[in-house]
Amino acid sequence: AEGAQKSGSTDLLRELAEVLEADSEGGESAGEQEEGVVQAKIAGPADSRGDQTQPRVSPKSAAAAEPPPPPQPVQDAGMRCKKCGFDIPGGKKASKRHMKSECPKRQVECPDCEERMWAMSLEAHPSKCRMRRQTCPHCDEEVTAEGMRAHVAEECLQVEVECEYCKWSGLRLHLDEHWETCPRKEVFCDH
């Protein structure tokens, strides 16, 4: 038994020398060959039933020998919205619906001022919209927010105004009537 052990050690050294020689010639890497040698040493000469050991295959060559498993079909493939990052389940049809009517970052137009904005901004927009309808606090007329200042300053008949010639003040509604009788109004002579 001791002679067989020496013989095994000699064989092992011889294999190691061959591995190193093959490595210097550009064959398998030393790490791959050493792995094979170590696996052969662990396996031993034969098992107790007399069967010969199966040759060990390195993990790299085993992976190359087995084909990769086929890709599994994706159930209900979803998509991610490029604008808002939302995961959209259901494929292209659902993606189109999301972009058309659900995405908070889709472009929409204000129906009053025609300004373009994100859909998520449209809810807060009416309070700032320049074309929103407002009721004049003096005459109850509907006016756009953009036109309110001009309406009050120049048009509203229920705003109190002063005569530019005298100190008279009253509603704009009566200003034309006052000018007819204003004692300080400039008059041009026909002669």
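Residues numbered from 1 in each chain as written. Predicted model: local features only at pLDDT ≥ 70, side-chain atom pairs only at ≥ 80, totals over all residues. Heavy atoms only, no water.

**Structural notes on helix H6 (residues 145-155)**
When we look at burial in H6, the residues that qualify are Ala145, Met148 and His151. For H6, the buried positions fall inside an angular range of 75 degrees around the axis, keeping them on one side. The exposed residues of H6 that point more than 90 degrees off its buried face are Glu146, Arg149, Ala153 and Glu154. Packing partners of the buried residues in H6 comprise strand S5 (133-135) and strand S6 (142-144). (Buried < 20%, exposed > 50% of the residue type's maximum accessible area, 1.4 Å probe, protein only. Helix = DSSP H or I, 4+ residues; strand = E, 2+ residues; numbered from the N terminus. Arc of directions from axis to C-beta. Contact = heavy atoms within 4.5 Å.)

**Structural notes on the side chain of Thr144**
Mapping Thr144 onto the fold places it in strand S6. Classification of Thr144 as buried rests on a relative accessible area of 16%. Setting aside residues no more than four positions away along its own chain, Thr144 makes contact with Arg130, Met131, Arg132 and Arg133.

**Overview of the confidence of the model for the protein chain**
The predicted model of the protein chain averages 75 in pLDDT, with 61% of residues at 70 or higher. Averaged over each element, pLDDT in the protein chain is lowest for helix H2 (residues 30-43) (45) and highest for S6 (95). Every residue in residues 1-5 is under pLDDT 50, and counting partners more than four places away or in other chains gives zero contacts. Of the regions scoring below 50 in pLDDT, residues 27-55 engages in 25 contacts with residues more than four places distant in sequence or in other chains. (pLDDT = per-residue confidence, 0-100.)

**Examining the nonpolar core**
One finds Val108, Cys110, Cys113, Met117, Ala119 and Cys129 forming the largest nonpolar core, which totals six residues. Look past the residues within four positions of Met117 in its chain and what remains in contact with it is Arg106, Gln107, Val108, Cys110, Leu122 and His125. One finds Cys136, Met148, Cys156 and Val159 within the second-largest nonpolar core, a separate group that totals five residues. (Core = buried A, V, L, I, M, F, W, Y, C linked by side-chain atoms within 4.5 Å.)

**Focus: the environment of Cys156**
Tracing the chain through its elements places Cys156 in the loop between H6 and strand S7 (160-162). When the C-alpha positions of Cys156 and Asp140 are compared, they lie 9.7 Å apart, and in sequence the two are 16 residues distant. Setting aside residues no more than four positions away along its own chain, Cys156 makes contact with Cys136, His138, Cys139, His151 and Arg172.

**Looking at the side chain of His125**
With respect to the element layout, His125 can be found in the loop between helix H5 (119-122) and S5. Using a relative accessible area of 7% as the deciding quantity, one classes His125 as buried. If we ignore the near neighbours within four places in the chain, the residues touching His125 are Cys110, Cys113, Glu115 and Met117.

**Points about the pattern of salt bridges**
Counting across every chain of the model gives three salt bridges. Of the charged contacts in the structure, one is a salt bridge between Arg80 and Asp87, with a shortest N-O distance of 3.0 Å. Here Arg80 falls in the exposed class, since its relative accessible area comes to 55%. A salt bridge links Glu102 to Arg97; the shortest N-O distance between them is 3.2 Å. Judged by relative accessible area, Glu102 falls into the partly exposed class, the value being 41%. A relative accessible area of 45% places Arg97 in the partly exposed class. (Salt bridge = Lys/Arg side-chain N within 4 Å of Asp/Glu carboxyl O.)

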